[in-house]
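Residues per chain, in single letters:
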Amino acid sequence: MKVLVIGSGGREHSLVIACKKSPLVDEIIAAPGNGGMSLDADCRPVDVNDAEAIVALAKEVAADLVIVGPEAPLAAGAADKLREAGFDVYGPNLDGARLEASKTYTKEFLINNKIPTAWGEKFKDFSKALTYLRNAEYPLVIKADGLAAGKGVLIVDNFTDAEQVAHEMLIKNTFGEAGHEILVEEFMDGEEASIMLMVSGEDYVMLPASQDHKRAGEGDTGLNTGGMGAYAPAAVVDDAVEQKVRDEIIVPTLKALKEDGIDYRGTLYIGIMVLPDGQPKVVEFNVRFGDPECQILLPLLEQDPVQLILDCAKGQLKPETVRVKDEYSMIVVMAAGGYPNAYHKGDVISLPTELPDNVSIVHAGTKKNDAGEIVTAGGRVLGVVANAPTLQQAKEDVYQAVDKVTWKDAYYRKDIAWRQLAREA
């Protein structure tokens, strides 16, 4: 089977690695790919925002399966166009992708279907937003409605900050089209977790709950990033919380999608907040694997992930056959110095020639230079992943490998999974 993977980040490299290990796959094409992915796949240039260009490439390479990694091509209707052209596709159509592409749509979807979430109000008019914010209780969360590369969500502690954020989005157009409408939400105080589902209509496989680390600094301080590391399974989602997630969030969500005529095939990422009383509430929906969560979840599957992806694409998923390893997985993201602010590109990366069997390196912001060397090309450069019988062992193994990866001004957090490890201690 020939598989086309759309995207260029760590999530997509982990999908390429899964394809490389799969007995089903004979050839892998990654578009546009990155420096590390070029070692494992045939990388082809493509504009991921151009659905027609993606279809043209799928036809050119005669793909048997197309896996759409990022949210942008899904929001541009790539899955619709590919399916219309006769391809098996992992990733929802445009109607399903609205769950990530529009936060106000998602908030109405959640409220209308009585799915636990924070209350919220939407605004397009700046003066109306100010009137609301002037009388609100703080802290609050303000979200740009559309896709904003993970930067369109801000927590504000007072009216002055709220006014500034609303002005940036609605008047100064900081986030472009994505910020023409804002959602003002109740702040939920609890512990976040990520729930990844592989979905085929109303059938689904729930992968182990994971916990991402969004802040740049240790102890979850500093600026928000795309994710500095993650681990799974996350104990904050215990058996009782998991049952509530299934009964009160997953089942009604998939039922409502079906009732709305949406045949959802792909990943549904549910970001939840677990409140102090154990009640999970939806923070957000995403319509693709999380990054860096994908990199730790695929290795925890006993089955071939590509078989599950193909089954979802064809509408033939059999959840009862899926098994998860009794292991822990951790990823530490190594970033360019200065990220998420300005950072340098083009630094040569020194990689270890050998790694333990339970450790792998997943590339994100890398490319090959003219000399054929792998160099930095983004903020989050690569991730080091380890699987082990305990979380502590996974941490020790991953950081030993991290020490063997070097480039000028490389930065990473040294405390991934600190909350759970502290609880275990």
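Whatever comes next refers back to the structure up there.
Definitions and cut-offs
- Residues numbered from 1 in each chain as written.
- Predicted model: local features only at pLDDT ≥ 70, side-chain atom pairs only at ≥ 80, totals over all residues.
- Heavy atoms only, no water.
- Core = buried A, V, L, I, M, F, W, Y, C linked by side-chain atoms within 4.5 Å.
- Buried < 20%, exposed > 50% of the residue type's maximum accessible area, 1.4 Å probe, protein only.
- Contact = heavy atoms within 4.5 Å.
- Pairing = 2+ DSSP bridges.
- Helix = DSSP H or I, 4+ residues; strand = E, 2+ residues; numbered from the N terminus.
- Axes fitted to C-alpha atoms, helices over the stretch in contact; angles between N-to-C directions.
- Phe/Tyr/Trp six-rings, centres within 6.5 Å; stacked < 30°, edge-to-face > 60°.

A. Structural detail: the nonpolar core. Within the largest apolar cluster, 79 residues are counted, with the highest numbers of intra-cluster contacts made by Ile-270 and Val-384. Dropping the residues within four chain positions of it, Val-384 is found in contact with Met-330, Ile-331, Val-332, Met-334, Val-359, Ser-360, Ile-361, Val-398, Ala-401, Val-402 and Val-405. Counting residues in hydrophobic clusters, the runner-up holds 41 residues, among them Leu-15, Ala-230, Val-306 and Val-362.

B. Summary view of the sheet that holds strand β6 (residues 120-123). Reading across from one edge, β6-β9-β7-β8 is the order of the four strands in this open sheet, with antiparallel pairing throughout. The sheet is open, and its two borders are formed by β6 and β8 (153-156), each paired with just one other strand. Across the sheet, the axes of successive neighbouring strands diverge by a mean angle of 20 degrees, strand direction being ignored. Here four bridges tie β6 to strand β9 (residues 182-186), and the two strands are oriented antiparallel to one another. For Glu-121, the partnering residue across the bridge sits in β9 and is Val-184. Against the sheet, helix α6 (residues 103-112) contacts β6, β7 (140-144), β8 and β9, and its axis sits at roughly 45 degrees relative to β9. Lying over the sheet, helix α7 (residues 126-134) contacts β6, β7 and β9, oriented at roughly 155 degrees with respect to β6.

C. Structural view of unusual backbone geometry. Cis geometry is adopted by the peptide bond preceding Pro-32, which originates at Ala-31 and carries an omega value of 0 degrees. Cis rather than trans, the peptide bond between Ala-232 and Pro-233 has omega equal to -5 degrees. Its location among the elements puts Pro-233 in the loop between β15 (229-232) and α9 (239-259). Positive phi values are uncommon outside glycine, yet Ala-62 reaches one of about 55 degrees.

D. Quick peek at the packing of aromatic side chains. As enumerated under the stated definition, the model contains six aromatic pairs in all. Seen in terms of ring centroids, Tyr-105 and Phe-109 are 6.4 Å apart; in terms of plane orientation they differ by 35 degrees. Their pairing is tilted. Remark: Phe-109 and Tyr-105 occur in helix α6; sequence separation between them is four residues, near one turn of the helix. In this pair, the class of Tyr-105 matches that of Phe-109, namely buried. Between Phe-109 and Phe-285, the ring centres sit 6.4 Å apart and the planes meet at 75 degrees, which makes this aromatic pair edge-to-face.

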